[in-house]
Amino acid sequence: MKRRDFLKVGSATFAGSVFGSVGLLTWAPRSYAQTISKTFYITDGYQNLITGENVYFRGFSDSQNIVNVPGESMIVQQGDTVKITITNTLDSTHSFVIDGLVDSGPIAPNQTKTITFEATDVGSYLYYDKLNAPYNRLVGLHGGFAVMPNGLSNQMYPGSPTFVQQYFWIFNDIDPVWHSAIANGQTPTTAYEPRYFTLNGLGGRPPGAPGAHDPNIDALTDPRSALHGHIGDRTLVRILNPGLAAQSVHCHANHVEWLTENGQIRPDVWKKDCLYLDGDMGALDAIFPFEVPPDSYPPVTTGAYPMHLHTEMSQTAGGGYYMFGAMTDIYFE
Ligand SMILES: [Cu+2]
């Protein structure tokens, strides 16, 4: 087990510079297919969580010296050739899989493997390590991947409701006992007891808490997670759950338009306030419409509203730190 020097820095610096943050993805359609190349390093490290507990993670990272959990999200266009080079810096075997699109097969310790595939089907996908399931995925080897329809910038699939911007919400849940076992090359033998719940790798920080409003460590203000828009800035959210816990995703201010469930386009678009998200690889797509909040009087067009989960445990960290769980804010600008 490698414990690198970078693991010793304080939590704030560690989270900001090591578990790097990635800004909102921009997308411009093309009239032609391209080859999209991306390099990932499979790395590991320890993150100091809000309780002071030091927890082991692995990630598909942008360099050998950091741990990205989740890995950087990717958006490509249908018909593109995707070329991904993965270097496994660890002493265990890993893989890179997108169900329905590609499976790297085993990548041995210190091996570099390049996989090439065509982005055939539009939709939202998790890329993840399928080996030693579900453990490698749970300790952080996952990220978001999306295929946009050919030449379209504002629809998720041909004929879908339109949007002007898109985000990934990747939920995960963490049992530190399991992470420790995996760090030591063992298979967990205890019952699963998730104690941390994250959105794009971070928990929330309520006002007044250490790190509150720091976008590098607070899921409420992390630019990957917090929705920002003016009235009419309809926003597609690609919701993925590599964790094991099922969740109930609740957006305040507006109902969302529910487009897909576990990769399937729904026959009708329903407006919902809560969306049920399956544990163990559940997936949803929904549009937050950024309409004038219908329940406010006098009417308002600005303000911040929460997105949280209606499973109570998911709103805590360490068994008791309330509002340090998986949540973010929706900012009407
Ligand atoms: Cu709620």
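Bear in mind that the values here come from a model prediction, so they are computed numbers and not experimental data. (Residues numbered from 1 in each chain as written. Predicted model: local features only at pLDDT ≥ 70, side-chain atom pairs only at ≥ 80, totals over all residues. Heavy atoms only, no water.)

Undergrad: Describe the domain arrangement of the protein chain, listing the residues and the values that go with them.
TA: Domain parsing of the protein chain yields domain 1 (5–151) and domain 2 (166–332). Placing a centre on the C-alpha atoms of domain 1 and another on those of domain 2 gives a separation of 20 Å. Contacts between domain 1 and domain 2 engage 41 residues on the former and 35 residues on the latter. Around 3300 Å² of area is buried between domain 1 and domain 2 when both sides are counted, 66% of it from carbon and sulfur atoms. Its largest share of buried area at the contact with domain 2, domain 1 owes to Ile 50, Tyr 135 and Leu 138, together 21% of the area lost on that side. Applying the counting criterion to the domain 1 and domain 2 interface returns 1 salt bridge. A salt bridge links Asp 280 to Arg 137; the nearest nitrogen and oxygen atoms lie 2.8 Å apart. Scanning the region where domain 1 abuts domain 2 turns up 9 residue pairs in polar contact (both at pLDDT 80 or more). No other element matches strand β9 (residues 142–148), which puts 6 residues into the side of domain 1 that touches domain 2. (Domains from an automatic or database assignment. Contact = heavy atoms within 4.5 Å. Buried area = accessible area lost by both parts, 1.4 Å probe. Salt bridge = Lys/Arg side-chain N within 4 Å of Asp/Glu carboxyl O. Polar contact = N/O pair within 3.5 Å; in protein donor to acceptor, adjacent residues only side chain to side chain. Helix = DSSP H or I, 4+ residues; strand = E, 2+ residues; numbered from the N terminus.)

Undergrad: Provide a residue-level description of the coordination of the copper ion, including the pertinent values.
TA: Around a metal, the ideal angle is 109.5 degrees if four donors adopt a tetrahedral arrangement and 90 or 180 degrees if six donors adopt an octahedral arrangement. The copper ion binds to the protein through His 250 (ND1), His 252 (NE2), His 308 (NE2) and His 310 (NE2); the donor distances cover 1.9 to 2.8 Å. In this structure, the copper ion is coordinated by 4 donor atoms arranged in irregular fashion, with angles at the metal of 80 to 178°. Read in sequence order, the donor residues for the copper ion give the motif H-x1-H-x55-H-x1-H. Linking His 250 in strand β14 (residues 247–251) with His 310 in the loop between β19 (303–309) and β20 (316–317), this pair joins segments that are 60 residues apart in sequence. (Donors = N, O, S within 2.8 Å, 3.2 Å for Na, K, Ca; no water. Tetrahedral: all angles 85-135°; square planar, octahedral: opposite > 155°, others 65-115°.)

Undergrad: Mind laying out the nonpolar core, listing which residues take part and the relevant values?
TA: Trp 169, Phe 171, Phe 288 and Met 307 are the most contacted members of the largest nonpolar core, which has 26 residues in total. For Phe 171, the residues in contact, after removing those within four places along its chain, are Thr 198, Leu 199, Ile 239, Leu 240, Asn 241, Pro 242, Gly 243, Val 249, Leu 277, Met 307, Leu 309 and Ala 326. If you look at the next biggest cluster of nonpolar residues, it comprises 22 residues, including Val 82, Ile 98, Tyr 125 and Tyr 127. (Core = buried A, V, L, I, M, F, W, Y, C linked by side-chain atoms within 4.5 Å. Buried < 20%, exposed > 50% of the residue type's maximum accessible area, 1.4 Å probe, protein only.)

Undergrad: Any details on the packing of aromatic side chains? Residues and values, ideally.
TA: Here the structure, examined in full by the defined rule, presents 17 aromatic pairs. Counting every residue linked through ring pairs, the aromatic cluster contains Phe 40, Phe 60, Phe 96 and Tyr 127. The residue whose ring lies beneath Arg 266 is Trp 258, and the NZ or CZ to ring-centre distance is 3.7 Å. Sitting over the face of the ring of Trp 270, Arg 266 holds its NZ or CZ atom 4.2 Å from the ring centroid. (Phe/Tyr/Trp six-rings, centres within 6.5 Å; stacked < 30°, edge-to-face > 60°. Lys NZ or Arg CZ within 6 Å of the ring centre and 35° of its normal.)

Undergrad: Describe helix α3 (residues 176–183), listing the residues and the values that go with them.
TA: Burial analysis of α3 places 6 of its 8 residues in the buried class, the great majority of the element. Taken residue by residue, α3 has Pro 176, Trp 178, His 179, Ala 181, Ile 182 and Ala 183 as its buried positions. Buried residues along α3 sit in contact with β1 (35–48), β2 (54–61), α2 (135–138), β10 (165–174) and β11 (196–199). At the N-terminal end of α3, a side-chain oxygen is found 2.9 Å from the backbone nitrogen of Val 177, two or three residues along, and the residue is Asp 175.

Undergrad: Describe the sheet that holds strand β6 (residues 102–103), naming the residues involved and giving the relevant values.
TA: An order of β3-β9-β8-β5-β6 is seen for the 5 strands of this open sheet, with the pairing classed as mixed. Either end of the sheet is taken by a strand with one partner, and the two such strands are β3 (71–77) and β6. Across 2 bridges, strand β5 (residues 97–98) lies against β6 in antiparallel orientation. Bridge pairing links Ile 98 to Val 102 in β6. (Pairing = 2+ DSSP bridges.)

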